[in-house]
Amino acid sequence: MEPVRAHITTYGCQMNRLDAELVAERLRASGARVVDDPAEANVLLFVTCSVRAHAEDRAFSNIGALKARKRREPGLVIGLLGCTAQQYGDRLRSRAPLVDVVCAPGRLAELPQLIQAARTNRAAPVVALDPPRGATHTQPDRVGGAEAFAAADAALDEVETRRPLGGPSPGHAFVTVMRGCDNFCAYCVVPNVRGPERSRTPSAVLEEVRRLVGQGARQITLLGQAVNKYASRQDGRTCDLAGLIEKVAETPNLARLRFITNHPRAMTERLAAVFRNVPAVCPYLHMPAQSGSDAVLARMKRAYTASEYIDRVAMVRGVRPEVAVASDFIVGFPGETAEDFEATLDLVRRMRFSHAFVFKYSPRPGTFAAEHYEDDVPMAEKRRRNQVLLDLVRKVAGQENRRFIGRTVNVFVEGPSPHPNLHPEKGTGSFSGRMEKVPVPFSAACRGWLQLRGRTPGNRIVVFDGPADLAGAEVDVEVVDSSPLTLFAHLAQAM
Ligand code: SAH
Ligand code: SF4
Ligand code: F3S
């Protein structure tokens, strides 16, 4: 049998991006090659997301489009991995008949064997699912069942700790601190597909961080669905996220430390204090509000009110005023009235978010909301609210970004800008909807510079011209212009 040449397509959140790295590492360790071009591959893997119908549909339609190729190449193996695998389980076959391997998030370490089994027996798909949840949204206070994941987690830990520094961009690595979720927000499929909350031990996290930093990582992002609920019990003592951050930050040569995503309910004064006491911690807080209406928040089962959310942000800004706060919002949640939506707009005006993701509510099978509430906001109204909120988010972010013009900021360079040479209409310094192409200045072009993209400590995107080999480094740049999503800058020192 010819050796495996696998191609991986990834959808969904940062956790999936890390999972895709683990899949690649696991395959390489088994002797397979991981290729960039799907046409070269004999194994096509899709790391899928089920959080909204749209994310699922994209994966299913990309897999469906492989029908003709599969007929031409009967040996081609198609694997559907991650959250959608667990969401559909055995029912996946009717939705995606071309799939040969179905593998849930907790079982990814077994992938080489699963692929091998699928290649030797082509009759039926090979299915590896996680244990069903010990609790459901109908009994959220009876959560548990983490024990059933212990063996699979240990296997994943080993792959994660051993993997080489790849990461989302040069010098930046994601590190899992918590798997699963026990919050059962009414709309959310994640607790069903990622299983119960499990915190990794501080020693496992530290070992991984040291290895990654030893290989050149300068920025680490700690990952968990509600990362600030982290709690590891060892020898009768509990380590919380603040304690873990203090330990991780002692790693020599680690410049920037982030942790996402924070749940407002679990934000404590102890955690807020790390923004002041731990220099490596970036002034960036991703803490989704989801809505500004107490009635909607209650129906979402978010367990806080808008004013509690405001208090938690104030607690963090109280210790470090320049913290950039980012949020997620869902518009058109069942029963969301015009007044509820107005309350969300108010929250955005008050909180001055540096960034916010806006999603249209998508009912997900198996969630409390899908089973108990009617999806009663018409799609046209969801679209309208989505646009209105997005426009406001951009307006506020644009105003906040403008305050950076004339300042020197430190940028962690990710690499070449994915959309080079775009600049908001010159002179206005604000986003007008019209973008014009600005050629790289002659002096920069003749030195072989390109437009680079990086992030400020507060996670704002910065573009500037510079040499490509700055990727993974930190440089100071002077901000000369801005738009709602981007700061435009020049290198502060001549190179
Ligand atoms: N664990 C993270 C969120 C993970 S899902 C947290 O709690 O912050 C990412 C975002 O998708 C959520 O914050 C929410 O805004 C959105 N989302 C989740 N389920 C959704 C649904 N059914 N419809 C629309 N948006 C949804
Ligand atoms: Fe979903 Fe809520 Fe868990 Fe986030 S905290 S993953 S929104 S259930
Ligand atoms: Fe999607 Fe799973 Fe992440 S459902 S958002 S990929 S945890």
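Just so we're clear, the structure is a prediction, and the values are computed from it rather than from any experiment.

What counts and how
- Every residue gets a number counted from 1 within its own chain, in the order that chain's sequence is written.
- Ligands are numbered from 1 and chains lettered from A, in the order in which they are written.
- Confidence filtering applies because this is a predicted model: local features only for residues at pLDDT of at least 70, side-chain atom pairs given and counted only at 80 or more, and all residues used for totals across whole chains, interfaces and linings.
- Excluded from the side-chain calculations are hydrogens and water; all other atoms, namely the structure's heavy atoms, are used.
- Strands here mean DSSP runs of E at least two residues long; helices mean DSSP runs of H or I at least four residues long; both are numbered from the N terminus.
- For this measure, only C-alpha atoms enter the radius of gyration; the expected value for a globule follows 2.2 Å times N^0.38, where N is the number of residues.
- We call two residues in contact when some of their heavy atoms are within 4.5 Å.
- For the area figures, the Shrake-Rupley method with a 1.4 Å probe applies, and any residue is considered shielded solely by the protein chains shown.
- Only four residue types enter the charge count: Lys and Arg as positive, Asp and Glu as negative, with His and the chain ends excluded.
- A charge is said to be at NZ when it belongs to Lys, at CZ for Arg, at CG for Asp and at CD for Glu.
- Within this scheme, the nonpolar core is defined by two criteria: the residues are buried Ala, Val, Leu, Ile, Met, Phe, Trp, Tyr or Cys, and they are joined through side-chain atoms within 4.5 Å.
- With a 1.4 Å probe rolled over the protein chains alone, any residue whose accessible area is under 20% of its type maximum counts as buried; one over 50% counts as exposed, and the rest are partly exposed.
- Centres within 6.5 Å are what make two rings of Phe, Tyr or Trp a pair, Trp counting through its six-membered ring; a difference in plane orientation under 30 degrees is then read as stacked, over 60 as edge-to-face, and the rest as tilted.
- Here, over-ring charges are defined by two tests on the NZ atom of lysine or the CZ atom of arginine: distance to the ring centre within 6 Å, and angle to the ring normal within 35 degrees.
- When we say a residue is near a molecule or strand, we mean one of its heavy atoms is within 4 Å of it.
- Ten residues, namely Ala, Val, Leu, Ile, Met, Phe, Trp, Tyr, Cys and Pro, are considered nonpolar, four, namely Asp, Glu, Lys and Arg, are considered charged, and the remaining ones, Gly among them, are considered polar.

**Student:** What am I meant to see in the overall build of the protein chain here?
**Tutor:** Across its full length, the protein chain carries 17 helices and 23 strands. Since a compact globule built from 495 residues should have a radius of gyration of about 23 Å, the 23 Å found for the protein chain is in line with a globular shape. For the protein chain, the C-alpha atoms occupy an extent of roughly 65 × 55 × 55 Å along the three principal directions. Counting contacts in the protein chain only where the partners sit at least 6 residues apart, residues at least 24 apart contribute 73% of the total. Carbon and sulfur atoms make up 51% of the accessible area of the protein chain, which amounts to about 21,200 Å² in all. Positive and negative charge centroids in the protein chain, built from 65 and 55 side chains respectively, lie 2 Å apart.

**Student:** In this structure, what is going on with the nonpolar core? I would like to understand it.
**Tutor:** Soluble, globular proteins show a tendency: their nonpolar side chains are buried together. Counting residues in hydrophobic clusters, the biggest one holds 69 residues, and the most contacted among them are I220, L222, I245, F259 and Y309. In this view, L222 contacts V175, V177, V205, V227, L244, I245, L257, R258, F259 and I260; residues no more than four positions away in its chain are not counted. Counting 35 residues, the second-largest nonpolar core is a separate cluster that includes V77, A128, F174 and Y284.

**Student:** What exactly am I supposed to notice about the packing of aromatic side chains here?
**Tutor:** We describe a pair of aromatic rings using the distance from one ring centre to the other and the angle between the two ring planes. If you walk through the whole model with that rule in mind, you get ten aromatic pairs. Aromatic pair F259 and F275: ring centres 5.6 Å apart, planes at 45°, arrangement tilted. Placement of the pair is F259 in strand β13 (residues 256-260) and F275 in helix α11 (residues 269-277), with a sequence separation of 16 residues. Assessed through its relative accessible area of 1%, F259 is described here as buried. Between F333 and Y361, the aromatic rings sit 5.2 Å apart at their centres with planes inclined by 75°, giving edge-to-face as the arrangement. Separated by 28 residues along the polypeptide, F333 in the loop between β15 (324-331) and α14 (338-351) and Y361 in the loop between β16 (355-360) and α15 (368-372) bring together distant segments of the chain. Put simply, the rings of Y187, F333, Y361, F368 and Y373 pair up and form one aromatic cluster. We note R52 situated over the ring of F359; from NZ or CZ to the ring centre the distance is 3.7 Å. The side chain of K301 reaches across the aromatic face of F368, ending 4.2 Å from its centre.

**Student:** It is not clear to me how the site of ligand 2 should be interpreted in this structure. Could you clarify?
**Tutor:** Taken together, C181, N183, F184, C185, Y187, C188, V190, P191, Q225, H263 and R302 make up the full set of residues near ligand 2. Among the residues making up the shell around ligand 2, the classes are represented as seven nonpolar, three polar and one charged.

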